[in-house]
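Survey of secondary and tertiary structure
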Amino acid sequence: MARLLACLSLFFFLVPVTYVRGPVPPANDSQYITLEPIAFDAKDPTRTQTGRLEYLGGWKITSDNGEFGGISSMLALPDHRFLMLSDNGTLVGFTLDEKKHRALRPFIAPLPDGPAKPNEYAKLNWDSESILHDPETGQFWVGYEHQHSIWRYGSSFVRKEAANFPDAMQKWPDNGGAEAMLRLPDGRFLVFSESAEYSKGGYQALIFDADASEPGSKAVAFGYQPPKGYKLTDATLLDDGSALMLHRRFTPLDGLSAILSIAQLKDFRPGKVVTSIPIATLKPPLKVDNMEALAVTRDDDGTIVWIASDDNFSVLQESLLFKFRLLKGKDLQKKPAAKRQNEKAGASPGFSTFESD
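Let us look at the structure shown here.

Quick notes on the rules
Residues numbered from 1 in each chain as written. Predicted model: local features only at pLDDT ≥ 70, side-chain atom pairs only at ≥ 80, totals over all residues. Heavy atoms only, no water. Helix = DSSP H or I, 4+ residues; strand = E, 2+ residues; numbered from the N terminus. Areas by Shrake-Rupley, 256 points an atom, 1.4 Å probe, with all protein chains shown as cover. Buried < 20%, exposed > 50% of the residue type's maximum accessible area, 1.4 Å probe, protein only. Pairing = 2+ DSSP bridges. Phe/Tyr/Trp six-rings, centres within 6.5 Å; stacked < 30°, edge-to-face > 60°. Lys, Arg positive; Asp, Glu negative; His and termini not counted. Salt bridge = Lys/Arg side-chain N within 4 Å of Asp/Glu carboxyl O. Polar contact = N/O pair within 3.5 Å; in protein donor to acceptor, adjacent residues only side chain to side chain. Contact = heavy atoms within 4.5 Å. Axes fitted to C-alpha atoms, helices over the stretch in contact; angles between N-to-C directions.

**Let's talk about the overall build of the chain**
Check the secondary structure of the chain and you find 3 helices and 23 strands. Per element, the accessible surface of the chain, about 17500 Å² overall, is 53% carbon and sulfur.

**Regarding the pairing of strand β20 (residues 277–282)**
Counted residue by residue, β20 has 5 buried out of 6 residues, so it is predominantly covered. Pairing analysis gives 5 bridges linking strand β18 (residues 255–264) to β20, with the strands arranged antiparallel. Pairing of serine 261 across the sheet is with proline 278, part of β20.

**Looking at the packing of aromatic side chains**
A complete count under the given rule lists 17 aromatic pairs for this structure. An angle of 20° between the planes, with centres 4.3 Å apart, marks the rings of phenylalanine 140 and phenylalanine 157 as stacked. With a gap of 17 residues between them, phenylalanine 140 in strand β9 (residues 140–144) and phenylalanine 157 in the loop between β10 (149–153) and β11 (160–164) connect regions that are remote in the sequence. The two residues phenylalanine 140 and phenylalanine 157 agree in class, both being buried. Among the aromatic side chains, those forming a connected cluster through ring pairs are Phe140, Tyr144, Trp151, Tyr153, Phe157 and Phe165.

**Quick look at the side chain of aspartate 289**
Relative to the assigned elements, aspartate 289 resides in the loop between β20 and β21 (291–299). One buried charged side chain, aspartate 289, makes no salt bridge at all; its nearest oppositely charged neighbour is lysine 287, positioned 6.7 Å away. A polar contact is formed between the side chain of aspartate 289 and the side chain of glutamine 317, at a distance of 2.8 Å. Setting aside residues up to four positions removed in sequence, aspartate 289 forms contacts with Leu256, Ser309, Asp310, Gln317, Glu318 and Leu320.

**Topic: the sheet that holds β10**
Sheet architecture is open: 4 strands sit in the order β8-β9-β10-β11, paired in antiparallel fashion. Edge positions in the sheet fall to β8 (128–133) and β11, since each has one partner strand and no second. Put simply, the sheet's adjacent strands are angled 20° from each other on average, direction ignored. Examined bridge by bridge, β10 and β11 share 4 bridges and lie antiparallel to one another. Of the residues in β11, the one forming a bridge with arginine 152 is alanine 162.

**Brief notes about the pattern of salt bridges**
Summed over the entire model, instances satisfying the criterion amount to 19 salt bridges. Taking the shortest distance from any N to any O, the salt bridge between arginine 47 and aspartate 41 comes out at 3.8 Å. Exposure remark for arginine 47: the relative accessible area of 16% places this residue in the buried category. A salt bridge links aspartate 186 to arginine 188; the nearest nitrogen and oxygen atoms lie 2.8 Å apart. When its relative accessible area of 52% is taken as the criterion, aspartate 186 is described as exposed. Its relative accessible area of 31% is what places arginine 188 among the partly exposed residues. Within this structure, Arg152, Arg159, Glu161, Asp211 and Glu214 form a network of salt bridges that share partners.

That is the geometry; function is a separate question.
Here you go:
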């Protein structure tokens, strides 16, 4: 049944459908967001681990707001504040109360500006797929596909500051744009296409020598090779000179799955095809959906990994938020072999609500 629902969901997402309907109902602009706790493995309530991820909690996120859904990237800000970006140009923010399973001080609102329509007959399409934030300046960067571009916004998204439509991105597939972005400590940007093939293997990615939203920045290409059969959906930096890379896959037989892997930043060089090492897999019977958003935080015990899903605005899919502990290799070796079974990775206008309470 799960595979059938996944197939139907993908069908309605990918195949154009003509609807016959009556008058459009009035828009619902509710700002209320609900969180419902979810089980990691419905068949085994005791299971808390897959690969190097230890499950700490998870929630199904819902809202009656008509623009809610389609989460494609997110930021984990201080004091448990989350900012999620939808692939329809909508921002979703809330403070996570884990103990009471509540979304405090929520808001749902559109980006202040985005790419113009390509022509007067086209539909406005702010297909925003990736987001970055500079905590020192408060600035945000958003990557768009279809009209492939990188935009920078001021603190609290008060206004657009810059926009760049790099030549190197303009031949990327409509649905294969800036799926993931990284901002390196030295100020360079890495922008990853989901599906534009690279001549030497894998998929195209770009290294910008400066702020990618500035038209004067220069880009050189390299390739990124995801795990076999998977597509990159998001990436984020770790403190040790590496990056976490999130990937998804859908097949009619296996349904939806995701792989989290680690790549070394030193490997991201012009002309090179970079690979990463898988460290965890999410697949049935584990709770999983179209995993597209990734963020990390730290606590006294190490790194916390947050993963969220894109429901494609489909009633057959869900917006999920997972919280994991990133385990070190030695933590895995402490467990008996029987306990490690089935835990392998798949392979070896300004918004003041951004501020915390």
